[in-house]
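Geometric and topological summary
One letter stands for each residue in the lines below.
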Amino acid sequence: MKILSIESSCDETAAAVVEDGRRVLSSIVASQVEEHKIYGGVVPEIASRRHVEAISGVVKAALDQAECTIEDIDAVAVTHAPGLIGALLVGVNYAKGITMASGIPLVPVHHLRSHIAANYITHPELKPPFLCLVVSGGHSHLVEVMDYTEFKVIGYTHDDAAGEAMDKAARAMGLPYPGGLNLDRAAKDGNDKAYKMPHPRVDGAPYDFSFSGLKTAALNTINIAKQKGEEISVPDLGASYIKAVVDCLTENTEKAAIDLGYQTIVLAGGVSANSVLRREMTSLCEKRGWNLYAPELKYCGDNAAMVGAQGYFEFISGNTADLSLNACASMSIEQSR
Ligand code: KG4
Ligand code: ZN
């Protein structure tokens, strides 16, 4: 079964053709990063306008690269939630237009579910159940993936998401947008013990996260150094900061896996590209004898191939929509519509 998939939840306009949820026939991503860079973050209004301009060309390129026409496509999957509302609406309306003209089914896909499904592309043998750490720009969740379309959130962030915490610290250290990636690169040879960072915990909620205190600690370190006329070492502060974020993520994942009896751990979302997170999770899973899965780097960030992968499992579980489908800025991963 071939699915044409569309993603426009943030600042990437993407389309793909994916066969049977695991085989990517094409994947096109038009990034707006260069334009948002001058503002230091995504400007929602600009993102929506660029999606409108790019979407037709991106969808056509995905069909061409897969050597398909719309007649070869069995369903259209689209990210409908969560994300920037104006950005989501562009993809949802475009997908509705295609299904109205062609009569093929429309499949709504939750953005975080699709981040998890990126792993089904990279690891054809991976099947639920497993424990997943979903870490993106807007979310940090520990999720029990009971089945392809059945999820239970057992841990979440009380303030900033892991990606947001990386982006804000990167900005304070004078690094350009996109912050997380540039912080990862800048900290590569830094000493992660050079600066003392807190390891915030949430009382009574062992799987939950809180990163705002950590971010404040980094900002205070930078401001105090400025006041004293001292230089900050960006590689060292970056490495210390990333290590603290990653320690929180790995410690909670380890605890949840032990408590709930999971031996398969999966990483998902933009922050799963982080080199320290991948390294620390690899060593945790080697130590414990657990299996670790993470998406190939090109499928960690936003793309439509992952939407096509999840779209397949949504379709076979009966989750299709009619033309009343709307976009939603926020929606729990446990909810499919
Ligand atoms: O999943 P994603 O592409 O978009 C959302 O759904 O939010 O995640 C984007 C987030 C951004 O905060 C970005 O800074 C972060 O992922 N990110 C990274 C790395 N690459 C992307 N954070 C740390 N290290 C990286 N290598
Ligand atoms: Zn995302």
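Here's what I pulled together on the structure shown here.

The rules behind the values
- Residues numbered from 1 in each chain as written.
- Chains lettered and ligands numbered in written order.
- Predicted model: local features only at pLDDT ≥ 70, side-chain atom pairs only at ≥ 80, totals over all residues.
- Heavy atoms only, no water.
- Near = heavy atom within 4 Å.
- Polar contact = N/O pair within 3.5 Å; in protein donor to acceptor, adjacent residues only side chain to side chain.
- Areas by Shrake-Rupley, 256 points an atom, 1.4 Å probe, with all protein chains shown as cover.
- Nonpolar A, V, L, I, M, F, W, Y, C, P; charged D, E, K, R; others polar.
- Patch = residues over 30% accessible without salt bridge, like charges linked within 9 Å, V, L, I, M, F, W, Y side chains within 5 Å.
- Salt bridge = Lys/Arg side-chain N within 4 Å of Asp/Glu carboxyl O.
- Lys, Arg positive; Asp, Glu negative; His and termini not counted.
- Charge placed at Lys NZ, Arg CZ, Asp CG, Glu CD.
- Helix = DSSP H or I, 4+ residues; strand = E, 2+ residues; numbered from the N terminus.
- Buried < 20%, exposed > 50% of the residue type's maximum accessible area, 1.4 Å probe, protein only.
- Axes fitted to C-alpha atoms, helices over the stretch in contact; angles between N-to-C directions.
- Parallel < 35°, antiparallel > 145°, perpendicular 65-115°, else oblique.
- Contact = heavy atoms within 4.5 Å.
- Phe/Tyr/Trp six-rings, centres within 6.5 Å; stacked < 30°, edge-to-face > 60°.
- Pairing = 2+ DSSP bridges.
- Donors = N, O, S within 2.8 Å, 3.2 Å for Na, K, Ca; no water.
- Expected span 1.5 Å × (residues − 1).

**Some remarks on the site of ligand 1**
Among the 17 residues in the neighbourhood of ligand 1, the closest are listed as His-115, Gly-137, Asp-167, Asp-184 and Gly-270. The separation between an oxygen atom of ligand 1 and a polar side-chain atom of His-115 is 2.9 Å. Here ligand 1, which alone exposes 550 Å², has 84% of that area covered by the protein. Considering only residue class, the shell around ligand 1 consists of three nonpolar, 11 polar and three charged.

**Observations regarding a negative patch on the surface**
A cluster of like negative charges, contributed by Asp-20, Glu-71, Asp-72 and Asp-74, occupies part of the molecular surface. The topology assignment puts Asp-20 in the loop between strand 2 (12-19) and strand 3 (23-31). You can call Asp-20 partly exposed: its relative accessible area is 38%.

**Focus: the pattern of salt bridges**
Evaluation of the coordinates by the stated rule reveals 18 salt bridges. Salt-bridge contacts for Arg-23 lead to Glu-19; the nearest nitrogen and oxygen are separated by 2.9 Å. Note that Glu-280 is salt-bridged to Arg-279, the shortest N-O span being 3.4 Å. A single network of salt bridges, built from pairs that share partners, joins Asp-160, Glu-164, Lys-168 and Lys-215.

**Side note on the packing of helix 5 (residues 162-172) against helix 8 (residues 234-260)**
The interhelical angle for the contact between helix 5 and helix 8, taken along N-to-C directions, is 170°, at an axis separation of 11 Å. With respect to their mutual orientation, helix 5 and helix 8 come out roughly antiparallel. Counting all contacts with helix 5, which are made through Ala-162, Ala-165, Met-166 and Ala-169, the residues of helix 8 involved are Tyr-241, Ile-242, Val-245 and Leu-249.

**Description of the packing of aromatic side chains**
Applying the stated criterion across every chain yields a total of six aromatic pairs. Between Tyr-148 and Phe-313, the ring centres sit 3.9 Å apart and the planes meet at 0°, which makes this aromatic pair stacked. In this pair, Tyr-148 sits in the loop between strand 7 (140-147) and strand 8 (150-156) while Phe-313 sits in helix 10 (residues 305-316), placing the two residues 165 residues apart along the sequence. In this structure, Tyr-148 and Phe-313 share a single accessibility class: buried. Following the ring pairs from residue to residue traces out a cluster consisting of Tyr-120, Phe-130, Tyr-148, Tyr-312 and Phe-313.

**Notes on the environment of Cys-132**
Tracing the sequence through the fold places Cys-132 in strand 6 (residues 130-135). Classification of Cys-132 as buried rests on a relative accessible area of 0%. Between the C-alpha atoms of Cys-132 and Ala-294, which are 162 residues apart in sequence, the distance is 9.7 Å.

**Quick look at the sheet that holds strand 8**
One key point about sheets: their strands pair by backbone hydrogen bonds, in either a parallel or an antiparallel sense. The strand order 8-7-6-9-10 describes an open sheet built from five strands, whose pairing is mixed. Looking at the sheet topology across the chains shown, the edges are occupied by strand 8 and strand 10 (291-293). The average angle at which neighbouring strand axes cross in this sheet is 25°, direction not considered. In terms of strand pairing, strand 6 meets strand 9 (residues 264-268) through four bridges, oriented parallel. Counted as the bridge partner of Cys-132 is Val-266 from strand 9. On top of the sheet, helix 8 reaches strand 6, strand 7, strand 8 and strand 9; it is set at about 160° to strand 6, its chief contact. Strand contacts of helix 9 (residues 275-288): strand 6, strand 9 and strand 10, with the helix running at about 160° to strand 10, the strand carrying the most contacts.

**Overview of the coordination of the zinc ion (ligand 2)**
Protein coordination at the zinc ion (ligand 2) comes from His-111 (NE2), His-115 (NE2) and Asp-302 (OD), with a distance range of 2.0 to 2.1 Å. His-115 gets classed as buried once you look at its relative accessible area, which sits at 1%.

**Details of helix 3 (residues 85-102)**
Taking 1.5 Å as the rise per residue, helix 3 with 18 residues should run 26 Å; its terminal C-alpha atoms sit 26 Å apart, in good agreement. Those residues of helix 3 not exposed but buried are Ala-87, Leu-88, Val-90, Gly-91, Val-92, Ala-95, Lys-96, Ile-98 and Thr-99. Buried residues belonging to helix 3 abut strand 1 (2-7), helix 2 (44-65), strand 4 (75-81) and strand 5 (106-110).

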